[in-house]
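These are the residues of each chain, in order.
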Amino acid sequence: MSEALLHVADLTMRFGGLTAVDGLTFTAERGAITAVIGPNGAGKTTLFNCITGFYKPTRGLIELRHDAGESYNLARMQGHRIARVARVARTFQNIRLFPRMTALENLIVAQHNKLMRASAFTLAGLFGLPGYRAAERAAVEKARIWLDRISLTERADDEAGTLPYGAQRRLEIARAMCTDPVLLCLDEPAAGLNARESAELNRLLLDIREADGVSLLLIEHDMNVVMGISDHIVVLDYGKRIAAGTPEAVRADPNVIRAYLGEPDEPHITNGDA
């Protein structure tokens, strides 16, 4: 985990007279879980929106480096190319599954780019040509593998909107993983989860890092999740980085305690992000 996957340099995002992210610089290492924390309004979600193409930064560099040597400046790419070409996937604080589709269908539809290419943009699919049929079988197989990994195989044919809340969270992460990302951005994945569900989430995210070799960048307020799985933590306050380091270093940093964590014996915070 000594090689940089994501390098953010002097990132600034202004909305009129408001500076939401202010000269932010940090690095996320390849194969690591990097957490971004901070009080409400610190600029965390704005940062994610810049990385994933929802916003175009006022200034700065967001460089993603694939291990094959390709390099992408996400700050200058269109959002759909960030997902498809740079291979950055994202989940949201508010779950965005297709509630009337089944769990299986949600995972298959995440693979639509591959299926569209295999169908020659509908022609091969219309005639059921062998190449498209093979791609379709592969998509279903990948979806079923992920259903098994998130313990939802028995609910494969249930509408996603009928699943328990914790299961929907896991399904959304699995759907993002079906796009084969190199970087998975998670916006408050533990929001609304109870202690058991948070523990399941921790195991899933660690498994994704270890088994799939995917780097994770997460915004999270649940300090049990952050401190339990993160390799590196970046702390924001009013759009600026006030600390960065290992969980142990961040937990003990007086600037972090003062701005965010509170007293050292009260580290658990579960408020929503702004």
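Residues numbered from 1 in each chain as written. Predicted model: local features only at pLDDT ≥ 70, side-chain atom pairs only at ≥ 80, totals over all residues. Heavy atoms only, no water.

## A closer look at the overall build of the chain
Looking only at helices and strands, one finds 11 helices and 10 strands in the chain. Scored against the burial criterion, the 274 residues of the chain give a buried share of 50%. Nonlocal contacts in the chain, meaning residues at least 24 apart in sequence, comprise 67% of its contacts between residues at least 6 apart. Of the roughly 12,700 Å² of accessible surface on the chain, 52% is carried by carbon and sulfur atoms. (Helix = DSSP H or I, 4+ residues; strand = E, 2+ residues; numbered from the N terminus. Buried < 20%, exposed > 50% of the residue type's maximum accessible area, 1.4 Å probe, protein only. Contact = heavy atoms within 4.5 Å. Areas by Shrake-Rupley, 256 points an atom, 1.4 Å probe, with all protein chains shown as cover.)

## A look at the packing of aromatic side chains
The geometry of an aromatic ring pair comes down to the distance between the two centres and the angle between the two planes. According to the stated counting rule, one finds 2 aromatic pairs in the structure shown. Note on phenylalanine 15 and tyrosine 55: the rings are 5.2 Å apart at their centroids and 75° apart in plane angle, and the pair reads as edge-to-face. You can see phenylalanine 15 sitting in strand S1 (residues 4–15) and its partner tyrosine 55 sitting in the loop between helix H1 (44–51) and strand S4 (59–65), a full 40 residues away along the chain. Accessibility expressed as a relative area gives 34% for phenylalanine 15, which makes it partly exposed. We classify tyrosine 55 as partly exposed; its relative accessible area is 28%. A centroid spacing of 5.8 Å and a plane angle of 85° characterise the contact between phenylalanine 54 and phenylalanine 92, whose relative ring orientation is edge-to-face. One end of the pair, phenylalanine 54, is in the loop between H1 and S4; the other, phenylalanine 92, is in the loop between strand S6 (88–91) and helix H3 (103–109), and 38 residues separate them in sequence. One Lys or Arg, arginine 96, reaches over the ring of phenylalanine 92 and ends 3.8 Å from the middle of that ring. (Phe/Tyr/Trp six-rings, centres within 6.5 Å; stacked < 30°, edge-to-face > 60°. Lys NZ or Arg CZ within 6 Å of the ring centre and 35° of its normal.)

## Re unusual backbone geometry
One non-glycine residue, glutamate 188, lies in the positive phi region at around 50°. Along the chain, glutamate 188 turns up in the loop between strand S7 (183–187) and helix H8 (195–212). Taking relative accessible area as the criterion, glutamate 188 reaches 3% and is therefore assigned buried. Located in the positive-phi region is tyrosine 238, a residue other than glycine, with phi close to 50°. Positionally, tyrosine 238 belongs in the loop between strand S9 (232–237) and strand S10 (240–245).

## Description of the sheet that holds S1
Reading across the sheet, the 4 strands line up as S2-S1-S4-S5 and stay open at both edges, with antiparallel pairing between neighbours. Two strands bound the open sheet, and with one partner strand each, they are strand S2 (18–29) and strand S5 (71–73). Ignoring strand direction, the axes of neighbouring strands in this sheet form an average angle of 15°. Bridge analysis of S4 against S5 gives 3 bridges, and the strand direction is antiparallel. Note that in S5 the partner of glutamate 63 across the bridge is asparagine 73. (Pairing = 2+ DSSP bridges. Axes fitted to C-alpha atoms, helices over the stretch in contact; angles between N-to-C directions.)

## Quick notes on the sheet that holds S6
A sheet is described by the order of its strands in space; here 6 strands give the open sequence S6-S7-S8-S3-S9-S10, paired in mixed fashion. The open sheet is flanked by S6 and S10, the only strands paired with a single partner. Pairwise comparison of adjacent strand axes, ignoring direction, gives a mean angle of 15° for this sheet. Of the pairings in the sheet, the one linking S7 to strand S8 (residues 215–219) comprises 5 bridges and is parallel in character. Paired with aspartate 187 across the two strands is isoleucine 219, which belongs to S8. Lying over the sheet, H1 contacts strand S3 (33–37), S6, S7, S8 and S9, oriented at roughly 140° with respect to S8.

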